[in-house]
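Summary of structural features
Residue strings, one per chain:
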Amino acid sequence: MELYELTLRELQQVLHKGEASATDITKSVLGRIHEVEEKIKAFITLDEEGAINQAQQCDARGAYSGLDGIPYGLKDLICSQGMKTTCASRMLENFVPFYDATVAARLKAAGGILLGKLNLDEFAMGSSTEQSAFFPTRNPWDLTRVPGGSSGGSAAAVAARELPFALGTDTGGSTRQPASYCGVIGFKPTYGRVSRYGVVAYASSLDQVGVFSREVGDCAQVLNIIAGKDPLDSTCVELEKPDFTSFLKDDVKDLKIAYPREYFQKGIDSGVKDTVKQALLKYEELGAIVEEVSLPHSEYALPTYYLVAPAEASANLARFDGVRYGFRDFQAENVVGMFSSTRAEGFGDEVKMRIMLGTYALSSGYYDAYYLKALKVRRLIKEDFDNVFAKFDLIVAPTTPTTAFKLGEQVGDPLTLYMNDILTVPVNMAGLPGMSIPCGFLEGMPVGLQLIGRAFDEGTLLRAAYAFEQHSDYHQAKPDLGGELI
Amino acid sequence: MTISIKEVEHVAVLARLQLKENEKEKYARHMGSVLQYVDKLNQLDTEGVEPLDHILPVFNVFREDQVKPASNREEILANAPLVEAGQYKVPKII
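Residues numbered from 1 in each chain as written. Chains lettered and ligands numbered in written order. Predicted model: local features only at pLDDT ≥ 70, side-chain atom pairs only at ≥ 80, totals over all residues.

1. Let's talk about helix H1 (residues 8–16) of chain A
Residues and elements named next belong to chain A. Inspection of H1 places Leu 8, Leu 11, Gln 12 and Leu 15 among the buried residues, and these make up the whole buried set. What you see down the axis of H1 is that its buried residues fit within an arc of 100°, all on one side. As for H1, its buried residues are in contact with helix H2 (22–40), strand S4 (165–169), strand S6 (209–213) and helix H7 (216–226). (Buried ≥ 20, exposed ≤ 12 C-beta atoms within 10 Å, placed from the backbone. Helix = DSSP H or I, 4+ residues; strand = E, 2+ residues; numbered from the N terminus. Arc of directions from axis to C-beta. Contact = placed C-beta atoms within 7 Å.)

2. Topic: the environment of A:Thr304
With respect to the secondary-structure elements, A:Thr304 resides in helix H9 (residues 301–316). Of the residues examined, A:Thr304 has 26 C-beta atoms within 10 Å and is grouped as buried. In sequence terms A:Thr304 and A:Gly431 are 127 residues apart; their C-alpha atoms lie 14 Å from each other. Aside from chain neighbours lying at most four places away, what touches A:Thr304 is A:Ala374, A:Val377, A:Arg378, A:Ile381, A:Met429 and B:Leu41.

3. Observations concerning the interface of chain A and chain B
Across the boundary between the two partners, chain A contributes 54 residues, which contact 42 residues of chain B. Elements with a minimum of two residues in the side of chain A that touches chain B: H9, helix H10 (335–346), helix H11 (349–362), helix H12 (368–389) and helix H13 (414–418) of chain A. Take the side of chain A that touches chain B: its biggest share by element is ten residues, from H12(A). Considering only residue class, the side of chain A that touches chain B consists of 31 nonpolar, 13 polar and ten charged. (Nonpolar A, V, L, I, M, F, W, Y, C, P; charged D, E, K, R; others polar.)

4. Things to note about the environment of A:Asp386
Within the secondary structure, A:Asp386 is located in helix H12. In this structure, the C-alpha to C-alpha distance between A:Asp386 and A:Ala159, residues 227 residues apart in sequence, is 34 Å.

5. Comments concerning the nonpolar core
Residue and element names in this part refer to chain A. Counting 175 residues, the largest nonpolar core has Ala 166, Met 356 and Ala 465 as the members making the most contacts within it. By residue number, the principal contributor to this core is H9, which donates nine residues. Those residues in contact with Ala 166 that lie beyond four places of it in its chain are Tyr 72, Gly 73, Leu 74, Leu 118, Ser 154, Ala 157, Val 158 and Phe 212. (Core = buried A, V, L, I, M, F, W, Y, C linked by C-beta atoms within 7 Å.)

6. Some remarks on the packing of helix H1 (residues 5–14) of chain B against helix H2 (residues 21–38) of chain B
Residues and elements named next belong to chain B. Taken N-terminus to C-terminus, the directions of H1 and H2 make an angle of 100°; their axes are 9 Å apart at the nearest point. The angle between the axes of H1 and H2 places the two elements in the roughly perpendicular class. For the pair H1 and H2, the contacting residues are Ile 5, Val 8 and Glu 9 in the first and Lys 24, Tyr 27 and Ala 28 in the second. Each residue belonging to the contact of H1 with H2 can be placed in one class, and the counts come to four nonpolar, no polar and two charged. (Axes fitted to C-alpha atoms, helices over the stretch in contact; angles between N-to-C directions. Parallel < 35°, antiparallel > 145°, perpendicular 65-115°, else oblique.)

7. Thoughts on the packing of H9(A) against H11(A)
Residues and elements named next belong to chain A. Orientation of H9 relative to H11, taken along the N-to-C sense of each, is 95°, at an axis distance of 7 Å. Between H9 and H11, the crossing angle belongs to the class labelled roughly perpendicular. Note on element contacts: H11 touches H9 through Arg 354, Ile 355, Leu 357, Gly 358, Thr 359, Ala 361 and Leu 362, opposite Leu 307, Pro 310, Ala 311, Ala 313 and Ser 314. By residue class, the composition of the contact of H9 with H11 is eight nonpolar, three polar and one charged.

8. A short note on the sheet that holds strand S10 (residues 434–442) of chain A
Residue and element names in this part refer to chain A. Overall, mixed pairing links the eleven strands, which are arranged S1-S3-S2-S4-S6-S5-S10-S11-S9-S7-S8 in an open sheet. Two strands in the sheet have a free side with no partner beyond their single neighbour: strand S1 (43–46) and strand S8 (289–293). Averaged over all neighbouring strand pairs, the angle between strand axes comes to 25°, with direction disregarded. Looking at chain direction, strand S9 (residues 394–398) and strand S11 (residues 445–453) are connected through five bridges and run antiparallel. By the bridge assignment, Ile 395 is partnered in S11 with Ile 452. (Pairing = 2+ DSSP bridges.)

9. Quick notes on the environment of A:Leu232
Residues and elements named next belong to chain A. With respect to the helices, strands and loops of the structure, Leu 232 is situated in the loop between H7 and strand S7 (256–260). Judged by local crowding, Leu 232 falls into the partly exposed class, with 14 C-beta atoms found within 10 Å. For the pair Leu 232 and Ala 404, spaced 172 residues apart in the sequence, the C-alpha separation amounts to 37 Å. If we ignore the near neighbours within four places in the chain, the residues touching Leu 232 are Thr 102, Ser 195 and Tyr 197.

10. Brief notes about helix H15 (residues 458–470) of chain A
Residues and elements named next belong to chain A. The end-to-end C-alpha separation of H15 is 18 Å, in line with the 18 Å expected for 13 residues at 1.5 Å each. Among the 13 residues in H15, ten count as buried, and that is most of the element. Inspection of H15 places Glu 458, Leu 461, Leu 462, Arg 463, Ala 464, Ala 465, Tyr 466, Ala 467, Phe 468 and Glu 469 among the buried residues, and these make up the whole buried set. Taken together, the buried residues of H15 touch H7, helix H8 (270–285), S9, S10 and S11. (Expected span 1.5 Å × (residues − 1).)

In structure tokens:
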């Protein structure tokens, strides 16, 4: 077994036993990246020299604790001091932040080795990583397929054994959906659990940092480090932070699990449904109570999302005007012309489309009909969840309607692509914690099981995921990087 | 739901996006199809429903008003496209 194949937990064991140094691990992981990156294309920036330096400093310190010596990567919209943060956009192609996002600072302080920055759909707007302004990332299980998105680079790198863990973000499913497509763990904490400071904003009322790993326990460890109050993010609330690893118990006997009938209806692939139902049977076998419920407003979550998210995005992306950072069109003769041509040149199609939609939905005369209406429906969606969680501990469903689709297959019609997020978006509308774990394969492609919990009850998700992991081996399956390169 | 080219042009001005002629048509079509889709929300009676604009029961968040070191000007200006005399430089405004 090569070092790069090990999980975070296994790497910690190797370090503690003195079987390998942080430098050995970093070199092994860099070797793996050299071997497969041409096929996967997960990294926008790879900092080999910096990684080796960090690892050598770590070895020089001696004893290993926390994340000492563990390599990781960040989705390239999480600011990293002195390392380019592009948001996969021409607009920020050469942007080098002079500060770390809170999550980046916390991982650094815990001793982690930052290897580089991972590909995404431009400004996190997309579901396939094909909207990156630079290049698409490919699915390690079949190179002709997408890794999902928007955190596709993070998911693909963890699946391809290029990294033991990585951070992404999740605004409408951008962590859970690519995790499902790539057969890894993807965890979206409750809105307000993890600081968003230094994470380039897409839709501020929905955005949350997510974690990718190959074992549930690894995810709990990373959460322990990144979660918790941050004076630099007023929505990152003061709550007692549990030790998330304390929930890793192989026991679901007291759990009441609900599966919403709306998540198993038409439009959801029958193979995906069957695979998820097998997982539900497993939970029953393990002693949990499993019952069908209804989340009646589910079908309204996606249209609500496609008003709320673009509206917030149109405000958030107003800052990219060519004045303070990023791209500028120097041809323009006056300042308003400079704003307009800079933004026209700097943003890609999907980003411009969402800015246009959001601007329209917030514009005079349309605000009540679109944005306000969406916020009212958002409350109905949240109340659906409240009703279920009054009686149940956990909701279990498919993460995505299908397995990963082919590159180029869904470019063109925005609505077809948006449908990928139909099962993940409601969770963001309600601000709840959600998770995707591997639960089987269909024609060689991974299927994800989505777990949804009460607000700030990440513990129950981790426990249920851990129990499932103890009784399955899907998380150990390795992608063969097959399929013709296109 | 259809969006006219004129509406697209108006929104583009508000959004500070310079659009090419062929883009105007494309945006009109795409925006129209998305707006038609979101029109589904009108099936729901939301009379008396309080809009949910923030998911957390958090209102004013305060911190101590303490003097702390801030980033320096050189660091901040380092990413600017055009700088003169320690300030951002932009084309003529008036």
